[in-house]
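Okay, here's what each chain looks like letter by letter:
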Amino acid sequence: MLEIEIDGKKLTVPGGSTVMDAANSVGVHIPHFCYHKKLSIAANCRMCLVQVEKAPKPLPACATPVTDGMKVYTHSDMAVKAQKGVMEFLLINHPLDCPICDQGGECQLQDLAVGYGQSASRYEEEKRVVPNKNLGPLISTDMTRCIHCSRCVRFTEEIAGFQELGMPGRGEHTEVMSFIGKTVSSEISGNVIDLCPVGALTSKPFRYSARTWELSRRKSVSPHDGLGANLVVQVKDHRVKRVLPLENEAINECWLADRDRFSYEALNSEERLTRPLIKQGGVWQEADWQTALEYVANGLKDIVDAHGANSIAGVATEHATLEELYLLKQLFAGLGSQNVETRLRAADHGLKTVGATWLGQSIADLAASDAVLVIGSTLRKEQPLLAQRLRQAVKKGMKLSALNPHADDLLTTLAGQIVVRPDRMVEGVLSLIKAVAEAKNIAAVSQIDLAGVEVTDAARAIAASFDGKEKTAIVLGNIAQQNPRYAELHAAAAALAELTGATLGVLGTAANSVGAQLVGATGAGNVFAEPKKAYVLLNTEVEFDVADSLQALRAVQGAAMVVALSSFGSCALEHADVILPVSPFSETSGTFVNMEGKAQSFNGVVRPLGETRPAWKVFRVLGNLLGLAQFNFDSSEQVRDIALNGDVAARLSNALVTPLTIKPQAATGVVRLGEVPIYQADMLTRRAPALQATVDGAAAELKANGVTLARLGLTIGGKAVIRQGQGDAQLVVALDAGLADDVVRVPANHPLTRALGAFVGPVEVTQA
């Protein structure tokens, strides 16, 4: 610890701290532009110049290390004169367009100019003008306003992992720009908007829609991936205008993924439903809530009376709140049915664990591991902010490895990587188990048959990365959880974790994956395999939210009654009988339990649109109409307290109820690798125009390696027909050298591929 004095205040700080760190620790504000606590030190704006005793000139606080006994003056005459001089230089070329700048009212340059700027400029020459750049559909540019702080450049390189922005030129000829012909396409690119201290980079969807001082700021939680990022939702006239990160170091730090930031566009979509709809004689008609709810209650009761409780099923996505899922479960239990399922994209429902599957530790603890193995995950797209955390951890010494059916770049250094066919991922884990067993001289592993399993150099490299490490982790991603052999894959990963002393974790596929398990909204299995007489769909589009969308679509089309609870009228117009308008996350209170088992409750940030109602209230009234007990709730908090029922941590466990025996299996033929694209994962992202206009929102393609393309007679840029089950799709062909032979990568739950079957399975591919 070192002693330092700042403006007469004495304090002690750890060795290696900068003057800026020391000042921040005692609440002393030093003006700055280029400094950011999560980025490297650039010291190029010079706004943080301070006086240090015995130093011949002012020094930048962000880049000056603390020395024992140092005395710093942040507001002395020397310091203020230096800061004002820097401000004058910054304003020389800056346009005086604050009234039309979208950053007005929340601009660091504007704020600091009040304290350090002059009332008039001495600069009389012509100002420079910098042409704007096309950075894509999310980021708007006014580059004449840029002050060259380089925050955006450092973010893309250090946090996003790939330098998509650069600063060519010298002096006033320096410009921030993307590479020629490229836009910024990172899944966390929107953070440069927050980082920009001036109006050079602003939000394109939000541009000119409101002023910052007109907006109300309300806290919420992201309804997308299992991380549970904290949000500040900004509202004007009961419409969501913008979403920003709410800093929470334990979860999302100060960042947001682009889908968290821009999916709000769907909340104001023209597809929003505002009144209940009932189909009569094949024609949709608006109805009042009383009529619609009585129609639903009587219909469900009649079907149960006529065909039994097993003839109805409740289906919900894991993006629904804890309260909604609990009451849906209770509603069906009251009707005598246990057919409620949320794991709609799972192909294997046979996994039985002691508790709800979860990350196995906190998000921060995972990032502090010495070695981590990711099994079956397109991590950057599934968990953008977790991928960012792991990238930072690798820089600090973590050994990161991956076992996947693809070789997608994680934009960081990997200790080892195994690429296998998607139907042989279990065998990939078995090769790791054998590599570890050989290294530890273990002859046999309980419940695991290693006969004939080949150990590759990649498997040995991953095994070596775990050797001698104190804190290690193995995590299973979306691809693993949606694999048709998931129970075996989970069991094999558990065996590997036991051998290596690692913590086994499961990455939540959606905002409330853990919560869905806690309330028992899982276990029914595939409720579409044996079609039911009635389905209740909560925030579910069967064409896009179910593993075998063709099977699901046929099941609901053949049902006697389909009730859709959705925010969007377009969700089930073709096959539903009743559509009830329920509130999205922004218009209801509720709770999401994230992957680390943390329950995060939130309130609605705007009033419900039209006659929209929160889904938990709809289920409460349906329960009352059906005469069910324990449906008299006055608030979502009452539902939450009963649903969580005490200590959540005690109900989390990745341990298997009974051990599984695992044997290697052979696989041949052409197999499909299906993954849900990042902006097709849920109702909101599918309806956000800006997200759909990005590179990740582009049209689906069929991808395979060169050997497979040649074997199938396909040409890059040409078209191919994919047949799977009774469905087919036609896609443009592209090269993906990171795939194993005889693997074709075809997106799932996409408008162009919704007629296809399971995510992983045999397919027939021919040239179109």
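What you see is a predicted model, and the numbers here were worked out from it, not measured in a lab.

A. Region of interest: the overall build of the chain. Looking only at helices and strands, the chain has 23 helices and 33 strands in total. Taken over the C-alpha trace, the chain has a radius of gyration of 28 Å; the compact-globule value for 768 residues is 27 Å, and the two agree within 12%. Across its three principal directions, the C-alpha atoms of the chain cover 90 × 70 × 55 Å. Relative to its full complement of 768 residues, the chain shows a buried share of 60%. Counted over contacts in the chain with a minimum sequence separation of 6, partners at least 24 positions apart contribute 72%.

B. Local environment of the UniProt feature "domain: 4Fe-4S Mo/W bis-MGD-type" (unreviewed entry) in the chain. Here the UniProt feature "domain: 4Fe-4S Mo/W bis-MGD-type" (unreviewed entry) sits at residues 215-271. What you have in residues 215-271 is 9% helix and 35% strand, and the ends, taken at the C-alpha atoms, are 24 Å apart.

C. Seen up close, the sheet that holds strand E10 (residues 216-221). Read from one edge of the open sheet, three strands run E10-E11-E12, paired in antiparallel fashion. The sheet terminates laterally at E10 and strand E12 (239-245), the two strands that pair on one side only. Mean inter-strand twist for the sheet, computed between neighbouring axes without regard to direction, equals 35°.

D. Spatial organisation of the environment of Lys598. As for its placement among the helices and strands, Lys598 is situated in the loop between strand E25 (590-593) and strand E26 (599-602). We classify Lys598 as partly exposed; its relative accessible area is 38%. C-alpha of Lys598 to C-alpha of Asn539: the two residues are 59 residues apart in sequence and 23 Å apart in space. Ignoring anything within four residues of it in the chain, the contact list for Lys598 reads Ile251, Phe592 and Val593.

E. Examining the sheet that holds strand E5 (residues 70-73) more closely. Read across the open sheet, the five strands follow the order E2-E1-E5-E3-E4; overall the sheet is mixed. Both outer strands of the open sheet, strand E2 (9-13) and strand E4 (59-60), are each paired with one neighbouring strand and no more. Summarising the sheet, strand E3 (residues 49-52) and E5 pair through two bridges and their orientation is antiparallel. Across the sheet, the residue bridging to Gln51 is Tyr73, located in E5. Contacts from helix H2 (residues 77-92) reach E3 and E5, with the element oriented near 160° to E3.

F. Focus on the pairing of E2. In terms of strand pairing, strand E1 (residues 2-6) meets E2 through five bridges, oriented antiparallel. Residue pairing for E2: Glu5 is matched across the bridge by Lys10. Counting the residues between successive antiparallel strands, the hairpin from E1 to E2 contains two residues, one of them, Asp7, with a positive phi of roughly 50°.

G. Region of interest: the packing of helix H7 (residues 289-307) against helix H19 (residues 615-625). Here H7 crosses H19 at 60°, and the two axes come no closer than 10 Å. In this view, H7 runs oblique relative to H19, as classed from their interaxial angle. As for the relative orientation of H7 and H19, their crossing is right-handed in sense. Residue-level inspection shows Trp289, Gln290, Leu293, Glu294, Val296 and Ala297 of H7 in contact with H19, the latter providing Val618, Val621, Leu622 and Leu625. Looking at the contact of H7 with H19 residue by residue, the classes come out as eight nonpolar, one polar and one charged.

H. Fine view of the packing of aromatic side chains. Taken as a whole and judged by the stated rule, the model has three aromatic pairs. Consider the rings of Phe155 and Trp255, whose centres lie 5.2 Å apart with planes at 55°: the pair is tilted. With Phe155 in helix H4 (residues 151-158) and Trp255 in the loop between E12 and helix H6 (258-262), this pair connects stretches of sequence that are 100 residues apart. Just as Phe155 is buried, Trp255 falls in that class too. Taken together, a centroid distance of 5.0 Å and an interplanar angle of 40° make the contact between Phe592 and Phe602 tilted. Here Phe592 is found in strand E25, whereas its partner Phe602 is found in strand E26, with ten residues between them in sequence. Neither Phe592 nor Phe602 differs from the other in exposure class; each is buried. Between the NZ or CZ atom of Arg242 and the centre of the ring of Phe206, over which it lies, the distance is 4.3 Å. In this arrangement the basic side chain of Arg687 is found over the ring face of Phe568, its NZ or CZ atom lying 4.4 Å from the centre.

I. How the structure looks around the nonpolar core. By size, the foremost hydrophobic cluster in this structure holds 113 residues, and its most contacted members are Phe33, Phe155, Phe528 and Tyr535. The contacts of Tyr535, once residues within four sequence positions are left out, are Ala313, Val315, Val527, Phe528, Glu530, Ala555, Val556, Ala559, Met561, Val562 and Val563.

J. Looking closely at H2. With 16 residues, H2 should reach 22 Å at 1.5 Å per residue; the first-to-last C-alpha distance of 23 Å fits that figure. Elements that come into contact with the buried residues of H2 comprise E3, E5 and helix H3 (108-116).

K. Highlighting the pattern of salt bridges. Evaluation of the coordinates by the stated rule reveals 35 salt bridges. With its nearest N and O atoms 2.3 Å apart, the salt bridge here joins Glu247 to Lys37. Taken as a pair, Glu247 in the loop between E12 and H6 and Lys37 in the loop between helix H1 (19-25) and E3 lie far apart in primary sequence, 210 residues in all. The salt bridge involving Glu427 is made with Arg485; its shortest N-O contact spans 3.0 Å. With Glu427 in helix H12 (residues 425-439) and Arg485 in the loop between helix H14 (478-481) and helix H15 (486-500), this pair connects stretches of sequence that are 58 residues apart. Both residues of the pair, Glu427 and Arg485, count as buried. Residues joined in a network through salt bridges with shared partners are Glu271, Arg345, Glu541, Asp545, Arg686 and Arg687.

L. Region of interest: the pairing of strand E17 (residues 371-375). Judged by how many residues are buried, E17 sits mostly within the fold: five of five residues are covered. Residues Ala371, Leu373 and Ile375 point to one face of E17 and Val372 and Val374 to the other, with burial holding for every one of them. Pairing analysis gives five bridges linking E17 to strand E18 (residues 399-404), with the strands arranged parallel. When the sheet's bridge partners are listed, Leu373 is paired in E18 with Ser401. Sheet analysis places E17 next to strand E20 (residues 472-476), joined by five bridges and oriented parallel. If you follow Ile375 over to E20, its bridge partner there is Leu476.

M. Main features of the UniProt feature "domain: 4Fe-4S His(Cys)3-ligated-type" (unreviewed entry) in the chain. The feature "domain: 4Fe-4S His(Cys)3-ligated-type" (unreviewed entry), as annotated in UniProt, sits at residues 78-117 in this numbering. When the span residues 78-117 is considered, its composition is 60% helix and 0% strand, and the gap between its end C-alpha atoms is 16 Å.

N. Looking closely at the domain arrangement of the chain. Taken domain by domain, the chain holds domain 1 (1-92), domain 2 (277-346 + 513-647), domain 3 (363-506) and domain 4 (671-767). Inter-centroid distance (C-alpha atoms) of domain 2 to domain 3 is 36 Å. Each partner contributes to the interface: domain 2 provides five residues, whereas domain 3 provides six residues. At the boundary of domain 2 with domain 3, total buried surface from both sides reaches about 440 Å², with 60% on carbon and sulfur atoms. For domain 2, the biggest contributors to the area lost against domain 3 are Arg345, Met595 and Glu596; these three give 83% of the whole. Across the domain 2-domain 3 interface, the total number found is zero salt bridges. Along the lines of polarity and charge, the residues of the side of domain 2 that touches domain 3 split into two nonpolar, one polar and two charged.

O. The side chain of Asp545, seen in detail. Note that Asp545 resides in helix H17 (residues 542-545). Looking at Asp545, its side chain comes within polar contact range of the main-chain nitrogen of Glu541, at 2.8 Å. Every residue in contact with Asp545, bar those within four places of it in the chain, is listed here: Thr317, Leu344, Arg345, Asn539, Thr540, Ala681, Arg686 and Asn749.

P. Examining the side chain of Thr141 more closely. Along the chain, Thr141 falls in strand E6 (residues 139-141). Take Thr141: its relative accessible area is 6%, and that puts it in the buried class. Separated by 2.8 Å, the side chain of Thr141 and the backbone oxygen of Lys133 make a polar contact. Those residues in contact with Thr141 that lie beyond four places of it in its chain are Asn132, Lys133, Leu135, Ala200 and Leu201.

Conventions used here
- Residues numbered from 1 in each chain as written.
- Predicted model: local features only at pLDDT ≥ 70, side-chain atom pairs only at ≥ 80, totals over all residues.
- Heavy atoms only, no water.
- Helix = DSSP H or I, 4+ residues; strand = E, 2+ residues; numbered from the N terminus.
- Rg over C-alpha atoms; globule rule 2.2 N^0.38 Å.
- Buried < 20%, exposed > 50% of the residue type's maximum accessible area, 1.4 Å probe, protein only.
- Contact = heavy atoms within 4.5 Å.
- UniProt positions renumbered as here; feature names shortened; annotations may be inferred.
- Pairing = 2+ DSSP bridges.
- Axes fitted to C-alpha atoms, helices over the stretch in contact; angles between N-to-C directions.
- Parallel < 35°, antiparallel > 145°, perpendicular 65-115°, else oblique.
- Left-handed = near helix turned anticlockwise from the far one by under 90°.
- Nonpolar A, V, L, I, M, F, W, Y, C, P; charged D, E, K, R; others polar.
- Phe/Tyr/Trp six-rings, centres within 6.5 Å; stacked < 30°, edge-to-face > 60°.
- Lys NZ or Arg CZ within 6 Å of the ring centre and 35° of its normal.
- Core = buried A, V, L, I, M, F, W, Y, C linked by side-chain atoms within 4.5 Å.
- Expected span 1.5 Å × (residues − 1).
- Salt bridge = Lys/Arg side-chain N within 4 Å of Asp/Glu carboxyl O.
- Domains from an automatic or database assignment.
- Buried area = accessible area lost by both parts, 1.4 Å probe.
- Polar contact = N/O pair within 3.5 Å; in protein donor to acceptor, adjacent residues only side chain to side chain.

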